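Residue strings, one per chain:
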Amino acid sequence: MTRGRALGVYVHVPFCSVRCGYCDFNTYTADELGEGATRASYADTAIAEIVRSAPAAGGRTVETVFFGGGTPTQLPADDLVRMLGAVDDVLGLAAGAEVTTEANPDSVTPESLATLRRGGFNRISFGVQSAVPHVLATLERTHDPARVPQAVRWAREAGFEQVSVDLIYGTPGESMDDWRASLDQAVALEPDHVSAYALIVEQGTAFARKVRRGEVVMPDDDQTADKYLLADELLTSAGLGWYELSNWARDEGAQCRHNVLYWHSDDWFGFGPGAHSHLAGERWWNVKHPAAYAQRLAADESPRHDGETIDAATAEIERIMLQTRLRTGLELASLSPDARAQVADLAARDLVTVFDDRLVLTLTGRLLADAVVRQLVD
Ligand SMILES: C[S@@+](CC[C@H](N)C(=O)[O-])C[C@H]1O[C@@H](n2cnc3c(N)ncnc32)[C@H](O)[C@@H]1O
Ligand code: SF4
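In this text the structure is predicted, and so the values were computed from the model without any measurement. (Residues numbered from 1 in each chain as written. Chains lettered and ligands numbered in written order. Predicted model: local features only at pLDDT ≥ 70, side-chain atom pairs only at ≥ 80, totals over all residues.)

Taking 1.5 Å of rise per residue, the 13 residues of helix α7 (residues 176-188) would be expected to cover 18 Å, and the 18 Å separating its terminal C-alpha atoms lies within 8% of that figure. Of the surrounding secondary structure, the elements contacted by the buried residues of α7 are β4 (123-129), β5 (162-169), β6 (193-198) and α9 (221-237). Where α7 terminates, the next one or two residues include E190, which has phi positive at roughly 55 degrees. (Helix = DSSP H or I, 4+ residues; strand = E, 2+ residues; numbered from the N terminus. Expected span 1.5 Å × (residues − 1). Contact = placed C-beta atoms within 7 Å.)

Pasting the structure below:
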């Protein structure tokens, strides 16, 4: 089935109360922010950028909006609602649009959640990561695990239809039982959606320095693979099916439509410092620092830093990289003769199956997805 190109919006909120040692996202604590940008003025600055985007939208309405960070819920809920209102006023929200915000469990209250829900947010993604105190401590997460069920209950009471939780596995010192406990607690929250990512050691972070100095030791690939298999087993038996390598949903309606839009290389505007946009075969990104971003918009200038036109060969490699990771897989007819010639070998090695003329990863293939992609694009 051919999909039309959906239009999405990403709004970046570059603030956190503390920086987790492993994270290299474009986010700033109050101490790191410096002069020239404030949380109080952020919503108006971002709205100024949203207003500038109207001519490029091409008349399509917005199917999905995703507020990410950073920690969007570090801003007052009214500010998030005002930014969403600007997206609706300027670009127009489609009927039934999915509107998500990310949140840390310790950055929401019943009141802030009710304001968000009334203001049009209908999906919330909590950064839970782990249920085990020593793992949370290694990750330098600030929340008390007891806060998580409370935050999820408040979200439900506020009327959020879709609640997702993010988990991380493979933290140094995390045993298989620790990971099982995190999965069990996540399932007990009855989420509609779970994302589970292996911890990545991002160069330049405090965590990477600890690994380099030998203060913490990363698990080997076999243990990480076993943790993936445990996640798939426990989430599947709880009624959450995988639809992308690291994402599981209660049913098709609970999939994150915004991420599905990325994985199909559809179109989106990214607003905020460092945010990337992708529209009509072009990709561009904004200046990274919130102060530089604010200065540009205060001077009525575009915050765009640089961009590129995506050529057909690059688009094809990206399509294979992204769609191989999806349960819907890759349409065989869409592959080049060279890529199609690899399919029999991949199937013989139990890395892919073919049905309905689509190539789909097996469970073994999901553990080796990068190697499968390399074989298809080389
Ligand atoms: C950037 S955060 C934004 C949401 C929120 N601030 C939070 O921490 O939950 C989105 C997700 O990225 C994950 N993440 C950040 N750095 C990561 C890393 N190095 N490896 C794996 N996941 C990471 C976070 O843990 C979180 O679940
Ligand atoms: S993981 Fe989330 S809370 Fe931690 S620094 Fe990154 S964006 Fe902030």
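Taken together, C16, R19, C20, C23, F25, T27, G69, G70, T71, N104 and G127 make up the full set of residues near ligand 2. Broken down by class, the residue content of the shell around ligand 2 amounts to 4 nonpolar, 6 polar and 1 charged. (Near = placed C-beta within 6 Å. Nonpolar A, V, L, I, M, F, W, Y, C, P; charged D, E, K, R; others polar.)

Cis rather than trans, the peptide bond between G69 and G70 has omega equal to 10 degrees. The residue A280 is not glycine, and still its phi comes out positive at about 50 degrees. Along the chain, A280 turns up in the loop between β10 (276-279) and β11 (282-286). Backbone geometry at D357 places phi at a positive 60 degrees, although glycine is not the residue there. By the element assignment, D357 lies in the loop between β14 (352-355) and β15 (358-361).

Looking at ligand 1, there are 16 residues lining it, with C23, E102, G127, D166 and I200 nearest. When contributions to the shell around ligand 1 are tallied by element, the ones reaching two or more residues are β2 (62-69), β4 and β5. Considering only residue class, the shell around ligand 1 consists of 7 nonpolar, 6 polar and 3 charged.

This part takes up the pairing of strand β7 (residues 241-244). The pairing of β7 with strand β8 (residues 247-249) spans 3 bridges and is antiparallel. Residue pairing in the sheet places W242 in a bridge with W248 of β8. Count of turn residues in the β7/β8 antiparallel hairpin: 2 residues. (Pairing = 2+ DSSP bridges.)

Okay, the domain arrangement of the protein next. By the assigned domains, the protein splits into domain 1 (7-263) and domain 2 (312-377). Distance from the C-alpha centre of domain 1 to the C-alpha centre of domain 2: 28 Å. Listed per partner, the contact involves 7 residues of domain 1 and 8 residues of domain 2. Every element with two or more residues in the side of domain 1 that touches domain 2 is listed here: α9 and β7. Sorting elements by how many residues they give to the side of domain 1 that touches domain 2 places β7 first, with 3 residues. For the side of domain 1 that touches domain 2, the per-class residue count stands at 6 nonpolar, no polar and 1 charged. (Domains from an automatic or database assignment.)

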